[in-house]
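Chain by chain, the residues run as shown.
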Amino acid sequence: MTSKTGTGTTGREMTGAEMVIEALADQGVEHIFGYPGGAVLPIYDALFQQSNRLQHVLVRHEQGAVHAAEGYARSTGKVGCVLVTSGPGATNAVTGLTDALCDSIPIVCITGQVPTHLIGNDAFQECDTVGITRPCTKYNYLVKNIADLPNVLHEAFHIAKSGRPGPVVVDIPKDIQFAKGMYAMPKEIAHKGYKPKLKGDRDRIKAAIEMMRHAKRPLFYTGGGIINSGPEASKLLRELVKLTGFPITSTLMGLGAFPASDPKWLGMLGMHGTWEANWAMHDCDLMICIGARFDDRITGRLDAFAPHSRKIHVDIDPSSINKNVKVDLPIVGDCAHVLEDMVRLWRAGSFTPDKKALADWWKQIDKWRARKSLAYKSSKDVIKPQYAIQRLFELTKGRNAYITTEVGQHQMWAAQFFHFDEPNRWMTSGGLGTMGYGLPAAVGVQLAHPDALVIDIAGEASVQMTMQEMSTAVQYRLPIKIFILNNQYMGMVRQWQELLHGGRYAESYSHSLPDFVKMAEAYHAVGIRCDKPGELDAAIKEMISVKKPVIFDCVVDPNENCFPMIPSGRAHNEMLLGDAAESIDEAITEEGKVMV
Amino acid sequence: MANGTSTSHYPAAPAAQGIESHTLCVLVDNEPGVLARVIGLFSGRGYNIDSLTVSETEHEKHLSRITIVTRGTPMVIEQIKNQLERLVPIHRVIDMTVSGPAIQRELAMVKVRGKGDNRVEALRLADAFRARVIDAGTESFVFEITGASDKIESFIALMLPIGLVEVSRTGIVAIQRGPEGM
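### Some remarks on the overall build of chain B
What chain B contains, in helices and strands, is 4 helices and 9 strands. With 182 residues in all, chain B has 40% of them scored as buried. Once local pairs closer than 6 in sequence are excluded, the contacts in chain B between residues at least 24 apart make up 73%. Accessible area of chain B: about 9,700 Å², with a carbon and sulfur share of 53%. Within chain B, the 21 negative side-chain charges are centred at a point lying 2 Å from the centre of the 19 positive side-chain charges.

### Some words on helix H21 (residues 533-545) of chain A
All names here are of chain A. All buried positions along H21 are accounted for by Pro533, Leu536, Ala539, Ile540, Met543 and Ile544. Summarising the axial view, the buried residues of H21 lie within an arc of 135 degrees, below the 170-degree limit, and thus occupy one face. Projecting away from the buried face of H21 at angles above 90 degrees are the exposed residues Gly534, Ala538 and Lys541. Tucked inside the fold, the buried residues of H21 contact helix H15 (385-396), strand E17 (453-459), strand E18 (481-486), strand E19 (526-530) and strand E20 (550-555).

### Thoughts on the pairing of strand E5 (residues 102-113) of chain B
Residues and elements named next belong to chain B. Judged from the 4 bridges that link them, E5 and strand E9 (residues 173-176) form a sheet pairing that is antiparallel. Note on E9: the bridge partner recorded for Gln104 is Ala174. With 8 bridges connecting them, E5 and strand E7 (residues 140-147) associate as antiparallel partners. The residue of E7 that forms the bridge with Arg113 is Ser140.

### Some details on the packing of H15(A) against H21(A)
Residue and element names in this part refer to chain A. As a packed pair, H15 and H21 sit with axes 10 Å apart at the nearest point and diverge in direction by 45 degrees. As the angle between them shows, H15 and H21 are arranged oblique. Crossing handedness for the pair H15 and H21: right-handed. Of the residues in H21, those in contact with Tyr387, Ala388, Arg391, Leu392, Leu395 and Thr396 of H15 are Pro533, Leu536, Asp537, Ile540, Lys541, Met543 and Ile544. Grouping the amino acids of the contact of H15 with H21 by side-chain chemistry returns 9 nonpolar, 1 polar and 3 charged.

### Observations concerning the sheet that holds E20(A)
Residue and element names in this part refer to chain A. Read across the open sheet, the 6 strands follow the order E16-E15-E17-E18-E20-E19; overall the sheet is parallel. The open sheet terminates on both sides in strands that have one partner only, identified here as strand E16 (426-427) and E19. Note that strand E15 (residues 401-405) and E17 share 5 bridges and pair parallel. When the sheet's bridge partners are listed, Thr404 is paired in E17 with Asp456.

### So, the pairing of E7(B)
All names here are of chain B. Most of E7 is tucked away: 6 of the 8 residues are buried. Pairing between strand E6 (residues 132-136) and E7: 4 bridges, direction antiparallel. Counted as the bridge partner of Arg132 is Glu144 from E7. Taking the residues that link successive antiparallel strands as the turn, the E6-E7 hairpin has 3 residues.

### Observations concerning the nonpolar core
Residue and element names in this part refer to chain A. Ranked by size, the top nonpolar core spans 106 residues in total, and within it Met212, Ile312, Phe483 and Phe552 carry the most contacts. Examining the composition of this core, we find that 8 residues originate from one element, helix H13 (residues 335-348), more than from any other. Excluding its chain neighbours within four sequence positions, the residues that come into contact with Ile312 are Ala208, Met211, Met212, Leu286, Met287, Ile288, Cys289, Leu329 and Ile331. Grouped together as the second largest cluster of nonpolar side chains are 45 residues, Ala69, Ile484, Ala525 and Ile551 included.

### Overview of the pattern of salt bridges
All names here are of chain A. Inspection of the entire model under this criterion finds 34 salt bridges over all chains. Its salt-bridge partner being Lys78, residue Glu30 comes within 3.7 Å of it at the nearest N-O pair. One end of the pair, Glu30, is in the loop between helix H1 (16-26) and strand E2 (31-34); the other, Lys78, is in the loop between helix H3 (62-76) and strand E4 (80-84), and 48 residues separate them in sequence. Residue classification places Glu30 among the partly exposed positions, given a relative accessible area of 42%. Looking at Lys78, the relative accessible area reads 37%, which means it is partly exposed. As a salt-bridge pair, Asp303 and Arg301 come within 2.8 Å of each other at their nearest N and O atoms. According to the relative accessible area criterion, Asp303 is exposed, its value standing at 52%. Each of Arg301, Asp303, Arg570 and Glu574 takes part in a single network of salt bridges with overlapping partners.

### Some details on the packing of H15(A) against helix H16 (residues 409-417) of chain A
Residues and elements named next belong to chain A. Packing of H15 against H16 leaves a shortest axis separation of 9 Å and a crossing angle of 45 degrees. In terms of axis orientation, H15 runs oblique to H16. Here H15 and H16 pass one another in a crossing that is right-handed. Between H15, through Pro385, Gln386, Ile389, Gln390 and Phe393, and H16, the contact on the second element is made entirely by His410, Trp413, Ala414 and Phe417.

### Some thoughts on the environment of Asp29(B)
Within the secondary structure layout, Asp29(B) lies in strand E1 (residues 20-29). Here Asp29(B) falls in the buried class, since its relative accessible area comes to 9%. When the C-alpha atoms of Asp29(B) and Gly100(B) are compared, they prove to be 25 Å apart, with 71 residues separating the residues in sequence. Not counting residues within four places of it along the chain, the set of residues in contact with Asp29(B) comprises His191(A), Lys192(A), Val34(B), His62(B), Leu63(B), Pro89(B) and His91(B). A distance of 2.7 Å separates a polar atom in the side chain of Asp29(B) from a polar atom in the side chain of His91(B).

### So, the sheet that holds E4(A)
Residue and element names in this part refer to chain A. If you walk across this open sheet you meet the 6 strands as E3-E2-E4-E5-E7-E6, and the pairing is parallel. Across the chains shown, the open sheet's two edge strands, defined by having one partner strand only, are strand E3 (55-58) and strand E6 (139-142). Each strand axis lies, on average, 20 degrees off the axis of its neighbour in the sheet, ignoring direction. Pairing of strand E5 (residues 107-113) with strand E7 (residues 167-173), which is carried by 7 bridges, proceeds in the parallel orientation. Paired with Ile107 across the two strands is Pro167, which belongs to E7.

### Regarding the side chain of Gln50(A)
Residues and elements named next belong to chain A. Inspection of the secondary structure puts Gln50 in the loop between helix H2 (41-49) and E3. For Gln50, a relative accessible area of 14% corresponds to the buried category. Looking at Gln50, its side chain comes within polar contact range of the main-chain oxygen of Leu47, at 3.3 Å.

### With respect to the environment of Asp515(A)
All names here are of chain A. Looking at where Asp515 falls in the secondary structure, it is placed in the loop between helix H19 (491-500) and helix H20 (516-522). Overall, Asp515 belongs to the partly exposed group, its relative accessible area being 30%. A C-alpha to C-alpha distance of 26 Å links Asp515 and Gly444, two positions 71 residues apart in sequence. In this structure the side chain of Asp515 is engaged in a polar contact, spanning 3.0 Å, whose partner is the backbone nitrogen of Val517.

### Focus on the confidence of the model for chain A
Residues and elements named next belong to chain A. Residues with a pLDDT of 70 or more make up 95% of chain A, whose mean pLDDT is 94. Counted against residues more than four places away or in other chains, residues 1-6, with its pLDDT under 50, gives 19 contacts. Scored below 50 in pLDDT, residues 580-586 makes 6 contacts in the model with residues more than four places away or belonging to other chains.

Definitions and cut-offs
Every chain is numbered on its own, with residues counted from 1 as its sequence reads. All chains are assigned letters beginning at A, and all ligands numbers beginning at 1, according to the order in which they are written. Residue-level local features of this predicted model are given only where pLDDT is at least 70; pairs of side-chain atoms are given and counted only at 80 or more, and the full residue set underlies all totals for whole chains, interfaces and linings. Excluding hydrogens and water, the side-chain figures rest on all heavy atoms present in the structure. The helix and strand labels rest on DSSP assignments: H or I over at least four residues marks a helix, E over at least two residues marks a strand, and numbering proceeds from the N terminus. Exposed residues in this analysis have more than 50% of their type's maximum accessible area, buried residues have under 20%, and partly exposed residues fall in between, with area computed by a 1.4 Å probe over protein chains only. By the convention used here, residues are in contact when the closest approach between their heavy atoms is within 4.5 Å. Each accessible area is a Shrake-Rupley result for a 1.4 Å probe, and residues are judged covered by the shown protein chains and nothing else. Lys and Arg are tallied as positive, Asp and Glu as negative. Neither His nor the chain termini are counted. A charged residue contributes its charge at one atom only: NZ of Lys, CZ of Arg, CG of Asp or CD of Glu. Along the arc lie the directions from the helix axis toward the C-beta atoms. Any two strands are treated as partners once DSSP identifies two or more bridges connecting them. Angular values range over 0 to 180 degrees, each being the angle between N-to-C directions of two axes fitted as lines to C-alpha atoms, with helices fitted over their stretch in contact. We call two directions roughly parallel when the angle between them is under 35 degrees, roughly antiparallel when it is over 145, roughly perpendicular when it lies between 65 and 115, and oblique otherwise. The hand of a helix crossing depends on one turn: near helix anticlockwise from the far one by less than a right angle means left-handed, and clockwise means right-handed. Under this grouping Gly is polar, as are all residues other than the nonpolar Ala, Val, Leu, Ile, Met, Phe, Trp, Tyr, Cys and Pro and the charged Asp, Glu, Lys and Arg. The definition of a nonpolar core used throughout is a set of buried Ala, Val, Leu, Ile, Met, Phe, Trp, Tyr and Cys residues joined through side-chain atoms within 4.5 Å. Whenever Lys or Arg places a side-chain nitrogen within 4 Å of a carboxyl oxygen from Asp or Glu, that contact is recorded as a salt bridge. Definition of a polar contact: a pair of N or O atoms within 3.5 Å, with one able to donate and the other able to accept a hydrogen when the atoms are protein atoms, and with sequence-neighbouring residues admitted only if both atoms are side-chain atoms. pLDDT measures the predictor's confidence residue by residue and takes values from 0 up to 100.

What follows is the structure, encoded as structure tokens:
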């Protein structure tokens, strides 16, 4: 089951529970998010008795623990750690684990389990944790022998953070937590069957450089893989873009890997991407995809996806290649390694791109840019959600800001209007689209960066899914800012109902909303409400200046829709702009309606 | 495309490609739950399993060999192999259908009931198919037959009118021809 190094016969004798603490400390873990319960009490006892090597953060719901660990991991590049009990503790963690799997976030989640002799007996708070989490983790373990525990714990970290990162569950029965065994940190963690490939094939990278040299309309399309690969990958990407002069766009997950303030940045692509990014995708003759996976939110209609392009795809996960879109040149490897080779080869050959063609390409791109696809009708009476994000961005510049989001319209507006120049500053639930992600994620980010300005850009519907974590933020004095774009609707659901279901707003109205200001006060936090554009700046400044958790109830236009938008069943070059909203209903095919 | 034949935001079914049958040999750590991981991958991602066999083949290394016969378009088959290789306890995946000449065999036990001429006929056919009698009574036989799946199919079809009672089959196992190992 485990790697074969170390046998659990050398080292110091201790209980399984103590081994958990030792192993976490040996892995350099400083914070662990969790919630106690019967089957995990020995580990909590060991936590109580340890000498401040680990800080435990008590969440209010296990889903919050995993999201907090995700925020922690995404903003630091470290592994996020979670400790929950058996049964409901484990099942509550499942949403977070699935979220981490979809977005490739390294998480180690330790779950308590009923004693081994009761497994399969329908014992109190028993569930088949490894069975339930098998499809939503990168790997999981049930430890039935104390001698296996040291290796399993360290291997779990190795698997979580190496290759394509992901969540790993270690299920530890209560008797194993009490059992005594020998603990030593294994010298090396090697798994025979698991060896992610980091270096890309040299000949293929050379071929890629050749294709890039001769491209007429090239485009970098990058994703979360660059962020996961580490800050070095972002640095190398910037270098490669500078060397080649090619335009660059990115997925939702990849924002910040390349600076949004750079003129070569086209903005995000995909369903709510910019006009210029999506048109460039459609018209390019060479697509250089690095650390992205041709997700359906990106490609739109597949048979019309970038029809004139040849495609290079760099990914650490071979199963991401040729899954949705057939590519011409696959390169399996870690983004930073492959980018390093690309930069070196380009430099070594003193290559130049096809400058004349590239100038024409940029001319075309500038025409698309001139459409100003993110434009919206401003208002003096109501706060437009886009305006709120723009002001938030302007007023938090230079303040070391980290942004998390929930899921929906506000998330897309945040992606469009809040600009990132650095990686690891943007934490959002992309793959799974988990409402309720942002608030607990902000808790994790703030814990990792105590002096930073951490803001959860939220919707009034999403934020209520994990609102209980305000209590966590207050307990640990984490001054997170919950910036709610309150449009009194599940906005993205309402938008689709407006466009696809004849304006029949089934259950998407946020009824009986709480008074968010009073709610903040009830949590001993600070509440601020603003519903006038003229007062917004002052209110945001007040929010920033408060050194406590804040819930900011930003009352916005309830009818605003998120544009640009590629309607269901359409291609990149058929995207709709804000002005076209009235005729949008005719633009969606019957088949498209099914596939929202 | 508004009156269109295809498309939505999700990838359309790859109708242009033909469906192929492939036999995959998968070398895995023989640990608890490993078969569940493989089967869960197939059911979770909507792949087909036509045949599945599994047994530990290298006891000292605790390695098991799983043989899976699956169907899909070339792109789906490629995806299945990549997804399998991604699973942590999986060491190797070999596609026996493309990796060179391979032998595929199956074993079946076939119970036939009958009297008089039917018994004689059953034995005669079994002899022709090189099936062995592994249990015999006054009213029944159990035959053991090994071979390619279509041979077993024909044998079973012939036994049906004679008095076929029950069939138990192992599913396909496969190995490459020649001196090289997996």
